[in-house]
Structures are given as structure tokens and as C-alpha cells.
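# A look at the structure
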Amino acid sequence: MMRKLNQFVKQVENAENIILYNFYNGKSIKYSKVNFPTTESFIANDDIYELLKSEEFLLENFKNPYQELERTLQLILLVHEDCNFRCTYCYEKFEKRAMSLETANDIIKYINNEIKNNRSKYDKIQLSWFGGEPLLNLKIIEYISSSVIEIARKNKIEYSADMTTNGYLLNPRVFQKLVNLKVKSFQITVDGGQKYHDKQRILKNGHGTYERIISNLLLIQEMIPSDIFIMLRTNVGEENYKFMEEYIHESIINFGKCENILFAFHNIGNWGERNSKIIEKDVRFELASKVIEQGGHTVPFIWSMTASNLCYASIKNHYVIGSDGLVYKCTVALYQANNILGRIGRGGKLLISENKESLWVNSTETEECKSCSVLPICMNNRCPLKRLNADSLQYFISSKDKTSDMILMLEKQNLITYEIGIEV
């Protein structure tokens, strides 16, 4: 029988080694060219062949990743749709305010009924706290969290939560409360050093926010549990790109020793009404490399290279619920008509249009998709919003041409799953 890697395995090489990355499950293997000059010679080794087989590098029967992802009931909750910031590139209109206790109770009832009536469908409940600024409504976060944690306990189902916050109100007392409520990850945006950040991420009154955010993070970093991380996101455009080296150096001094604070860089887009000066080249790899070279820690690129990172809007049982009870699929397209599915009714009944939802979750792989190496992390629906707005049957994953760079970055981040015949 011919020994052959499956179509989802990509091979990348540098001067000394070859890396095999499996898009089906996110596993990777690095081996020495000296010991195995060709892929054929590598696979020919019986022990290695058994490893490849056990880790599905030789997979023949493709399993749709959505089957696993749909076993999580995920709700992204906009507990407050106003914000204490007025960032220059923000797309939100801030026309709504805090989620009421009545709406919170409807959400709790929905979760309880869904799990109680369909327990066999689910392995996990995931709540994502979003806004506006979610920490403007901390009491409702505490109220919903404690109730849903109890529902999970009674039904013996896994529970976890995450939060996207601007960090201004995330002092040590609040952070500890959220940790106790099983919030496992936080995303906070810091758009460079103080001079630039305070031009872009400002309070309603126009004052800067950098000092307060950094002060909170300096106090928090000593108390972060080992299983919790904070992602510092930096949106990079033409105006702040030239200050990135200085920002990275300063940030490494502040947070470089903390393995639970991870840096991530993203090209800025024209998300709001103000036209930002964007950079055409992808800055992620260059700036992440600079962080690693200085001893800092970056968000693993592998997170965007696995099926588990498929867009939440493309998955069944994943919804966004606004502060007023409106139900959406996507947090970016809050004002787009086909994104508003309906609302959560009194008593926790989900009153939504199945036809509208199907636009987001139903996508058929084309013949080109079926032969594509990145199919498991795309499924022709990596971003259903882009697919819908393009009115196209084919959606090409935007970073498909960057996968070799991503795999080599895994090596820099020491995230290769197996190393065989590598001399240290």
C-alpha cells in the first residue's frame, strides 16, 4: 500500500528542517533534512508512519469540523451597548444602553431550557462578554455568570467565558471577580505607545486612556492564573506603524516576563466613519517576530490555523444577543438587516428567522474547495459576512497565501507538536 500524506498536510522547509502542518487538527511535525532528505524517506520509517497515522496525517475520511463546533452553545452578550471610549475607527453607534435584568433573565431561561431539553446535543456552554464596553454593566455580568455556572454544574457540562474590554475599568478587584466567574481570556486593545494610543482610543470627553490601561495591566500581571491569558491587540495603520519598534520595546519592559500576556498585531481597517490610513502589507509576522526576538510572547498563529477558529457566525447554536434582546449572528454587522435574526422573547424563547440564520450557517463546498489543503479551517465560510456581502458562492480565505509564513512562525513560537531527529 502506498504511503501518502493527506491533502490537508502542508510542507514547509527552511535551511535545515522540514515542517509538516496538518490543517485538519492543528498538529505539526518538524524533522531534520540530514536524517530524512525527502518526505518519502520520512514516511518510510515504520515508527514515524505509525505516528503519522495516529495523528491523522494520513487521514482518508474527512469529518466536517462543524459537527464538533455545534456541540458548544455559545452566546456573545452585548451587556452594555454604550462605551466610555470614542475610538476614532469604531463602527458602533452607541444608540443603546445597559442590558436590563428582564433581558438577562430571558437569556438565563433560554440557556436553561436549551440545555435541559437538548442535553445530548452539547458538551459546553461558552459566554463571551462584549459591548460597547461590557464592564459598564458588571452587575449583570455577575448575575448571568453565577446563574449559568450553576446550570452547567447541575447538567454536568463544561462552562467557560471570555471578554473583549478596553481595559479602562479592569482593575485588580474587577479582574479577580471575573476570574472567579470563570472568564478565561481577555482581549484588550493598546494601539501603540501613549502618544499615538491617546489620539486614537480616547474617552468620551476626549482625554487619553493609555496610562490607566497600562497601570491596570501592571497591577494585574502578578495575579494572572496559569490557565488565563490576556491578549494585547494592536491595530496598526500608516500613522502608528513607524512607532511600533519603540512601542514593542516599552511593552517588553513592562510585560515581557509575563507568559500570560500575549501580543497580537492587526492591520487597521476602515471600520468606522473616519477613513483610516491603512497599510497594504500584512504587518502581523514582522511585528510578532520583533516581540519574540526581544523575549516577549505573542498570540499563537496556530489559533487562526485550526478548525476550532472558524467564525462563530458560521456555526449553529452560536448567537449574538444585544442589550435590548435583539439576536444577531455577527458583531461587526450589527446594523445590517440580514444579520438581525429576531429577538429573545419573554420566558427565554428564541424568536428568530431560520431563513435568515441559514444565510450565515449554510455554505456548500465547491469542487475547488474539496481539493483545497485549507478546507478544514475555511469550509468556504471562514467569514460569512464577506461571503454574503460579495454575493458569491465561493469564499477564498484571505490568509491562504500566508500559511507558509504562519507555519514558520510556529517554529519561532516553540509550538511545533513533534520534533524528530532535531539536534539541540
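Structural data are supplied above this passage.
In what follows, the accompanying structure is described. If you're wondering where the values come from, they're calculated on a predicted model, not measured in any experiment.

Procedures and definitions
- Residues numbered from 1 in each chain as written.
- Predicted model: local features only at pLDDT ≥ 70, side-chain atom pairs only at ≥ 80, totals over all residues.
- Heavy atoms only, no water.
- Axes fitted to C-alpha atoms, helices over the stretch in contact; angles between N-to-C directions.
- Helix = DSSP H or I, 4+ residues; strand = E, 2+ residues; numbered from the N terminus.
- Left-handed = near helix turned anticlockwise from the far one by under 90°.
- Contact = heavy atoms within 4.5 Å.
- Nonpolar A, V, L, I, M, F, W, Y, C, P; charged D, E, K, R; others polar.
- Patch = residues over 30% accessible without salt bridge, like charges linked within 9 Å, V, L, I, M, F, W, Y side chains within 5 Å.
- Areas by Shrake-Rupley, 256 points an atom, 1.4 Å probe, with all protein chains shown as cover.
- Salt bridge = Lys/Arg side-chain N within 4 Å of Asp/Glu carboxyl O.
- Lys, Arg positive; Asp, Glu negative; His and termini not counted.
- Charge placed at Lys NZ, Arg CZ, Asp CG, Glu CD.
- Buried < 20%, exposed > 50% of the residue type's maximum accessible area, 1.4 Å probe, protein only.
- Pairing = 2+ DSSP bridges.
- Expected span 1.5 Å × (residues − 1).
- Arc of directions from axis to C-beta.

## Things to note about the packing of helix α10 (residues 244-255) against helix α11 (residues 284-293)
One can describe the packing of α10 onto α11 by two numbers: an axis separation of 10 Å at closest approach and a directional angle of 35°. The crossing of α10 and α11 is right-handed. Here Met244, Glu245, Ile248 and Ile252 of α10 lie close against α11, whose contacting residues are Leu287, Lys290 and Val291. Looking at the contact of α10 with α11 residue by residue, the class counts come to five nonpolar, no polar and two charged.

## What about a positive patch on the surface?
A surface patch of like charges, here positive, comprises Lys195, Lys199, Lys242 and Lys277. On the secondary structure map, Lys199 appears in helix α7 (residues 194-200). Using a relative accessible area of 57% as the deciding quantity, one classes Lys199 as exposed.

## Details of the sheet that holds strand β13 (residues 350-352)
Read from one edge of the open sheet, 10 strands run β9-β8-β7-β6-β5-β4-β10-β11-β12-β13, paired in mixed fashion. Because the sheet does not close on itself, it has two edges, and the strands there are β9 (261-267) and β13. Geometrically, the sheet is characterised by an average inter-axis angle of 25° between neighbouring strands, direction not taken into account. One ladder, built from two bridges, connects strand β10 (residues 318-321) with strand β11 (residues 326-328); its direction is antiparallel.

## Quick word on the pairing of β10
Side chains His318 and Val320 project from β10 onto one buried face, and the interleaved Tyr319 and Ile321 project onto a second face that is buried too. The sheet contact formed by strand β4 (residues 72-80) and β10 spans four bridges and is parallel. Note that in β10 the partner of Leu77 across the bridge is Ile321. Where β10 folds back on β11, the antiparallel hairpin that results is connected by four residues, among which Gly325 adopts a positive phi of roughly 95°.

## Some details on unusual backbone geometry
For the bond from Gly131 to Gly132, the omega torsion is 20°, close enough to zero to count as cis. Checked against the element boundaries, Gly132 lands in the loop between β5 (124-131) and α5 (138-154). Although it is not a glycine, Phe94 sits at a positive phi angle of roughly 55°. Residue position: Phe94 is located in the loop between β4 and α4 (101-117). Even without a glycine there, the phi angle at Met379 is positive, about 55°. Its location among the elements puts Met379 in the loop between α13 (367-370) and α14 (384-390).

## Observations concerning α10
End to end, α10 covers 16 Å across 12 residues, agreeing with the expected 16 Å (1.5 Å per residue, within 8%). For α10, the full list of buried residues reads Met244, Tyr247, Ile248, Ser251, Ile252 and Phe255. Along α10, the residues classed as buried sweep out an arc of 135° about the axis, all on the same side. Of the exposed residues in α10, the ones pointing more than 90 degrees away from its buried face are Glu245, Glu246 and Ile253.

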